[in-house]
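Here's the letter readout for the chains.
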Amino acid sequence: SILKELRNQGIQVSTRSDWGATRGDPSHFDGMDWNYNSIAIHHAGHSYSCGKPTIEQIKNAEQTDIGKYGHLSYHYAISCDGVVLEALDIREKGSHIDKMNTGVIGIVLLADLSVRGEDMKIGEGKGMGAIWNRIMPSSTDWLNNDKQYPALSTLVSILLKHFHIQKLGGHREYQKIATNAARTCPGTHGMIMVDLMRKNFGLSAP
C-alpha cells in the first residue's frame, strides 16, 4: 500500500521485481520488523554518481550489500531523477546502521551528497580513499535535489501515515549514538535535507 500511495501522488516507483532484485541469502535473514519509530537517511557515497543509470546504481548497491549482509541493507532507494525503488522488503529488518537497526527504516539516496575532504574533516576517512576524496572536486549530485527531495518528502509523508515515526536523522547521527563512530553519511548536502524534513514534519533528531 505504501508503493501504491506513492504512485497515486505522482511518484514513479520501481518494485523489487521491476528492477530485478536478487533474492538474498536466507541464512543472513535478520528477522522481521514492523513497529518502526525512526527513519535514517543515507547517501550512496563516492562510488555513485547521478550520471549513471538508476538500475546500474541499485544493482551495484545490492551486490555490495549482499556481500556484506546477505541482502540489501536499506528499505528504499531514491534515484537522482526521483524514482523510489523498493530495496529490502519493509517487513524485514535492515542492516543500514551498525548495532541500531530495530525500529529504523533505512532510505538511501543514490548519489554522493558529500563535499570534498569531508571524510578527512569528520574523521571517517582513511588510506587512499580519503586522499582521493580530498583531491577530487566536490560532487555536484546535490544539484539533483529538486527531484530527489520531493520524492523523499513524499515517501516520508506516507511512512508517517503507516508507522508511529517520531525521529528522523542522518546515518551519522544514529551511528554516533550506536557505536560512537564517526560517519560522514549522508554527506553535508544530505544533512541539509534531513534538517528540512525534521522541520517540515515536526520530527525530532535521534
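Conventions we followed
Residue numbering note: each chain is counted from 1, following its sequence as written. Where totals are concerned, whole chains, interfaces and linings use all residues; where local detail is concerned, this predicted model gives features only for residues with pLDDT of at least 70, and gives and counts side-chain atom pairs only at 80 or more. Side-chain numbers come from the whole structure's heavy atoms, not from hydrogens or water. Throughout this description, the term nonpolar core refers to a set of buried Ala, Val, Leu, Ile, Met, Phe, Trp, Tyr and Cys residues connected via side-chain atoms within 4.5 Å. The buried label goes to any residue with under 20% of its type's maximum accessible area, the exposed label to any with over 50%, and the partly exposed label to all in between, with areas taken from a 1.4 Å probe on protein chains only. We count a stretch as a helix when DSSP gives it H or I for four or more residues in a row; a strand needs E for two or more, and each element gets its number in order from the N terminus. Contacts are assigned to residue pairs with any non-hydrogen atoms lying within 4.5 Å of each other. Disulfides are defined as cysteine sulfur pairs within 2.5 Å.

### So, the nonpolar core
Here's step 1: Ranked by internal contacts, the top residues of the largest apolar core, which has 33 residues, are Ile39, Tyr76, Ile105, Ile107, Leu155 and Leu159.
Here's step 2: Among the elements of the structure, helix H1 (2-8), strand S2 (38-43), strand S3 (76-78), strand S5 (104-109), helix H6 (145-162) and helix H8 (187-201) are those that each provide at least two residues to this core.
Here's step 3: The element that contributes the greatest number of residues to this core is H6, accounting for 7 residues.
Here's step 4: When sequence neighbours within four positions are dropped, the list of residues in contact with Ile39 reads Val104, Ile105, Ile107, Val156, Leu159, Ile165, Lys167, Leu168, Gly169 and Tyr174.
Here's step 5: Formed by 12 residues, the second largest nonpolar core is a distinct cluster that contains Ile58, Tyr74, Val83 and Ala87.

### As for the state of the cysteines
Here's step 1: Taken as a whole, this structure holds 1 disulfide when the rule is applied.
Here's step 2: What pairs with Cys50 in a disulfide is Cys80, and their sulfur atoms sit 2.0 Å apart. Residues Cys50 and Cys80 are joined through a disulfide that is left-handed, its torsion about the S-S bond being -75°. Here Cys80 lies in the loop between S3 and strand S4 (84-86) and Cys50 lies in the loop between S2 and helix H3 (54-69), a separation of 30 residues in the sequence.
Here's step 3: Classification of Cys80 as buried rests on a relative accessible area of 8%.

Functional significance is not addressed by these values, which are geometric in nature.
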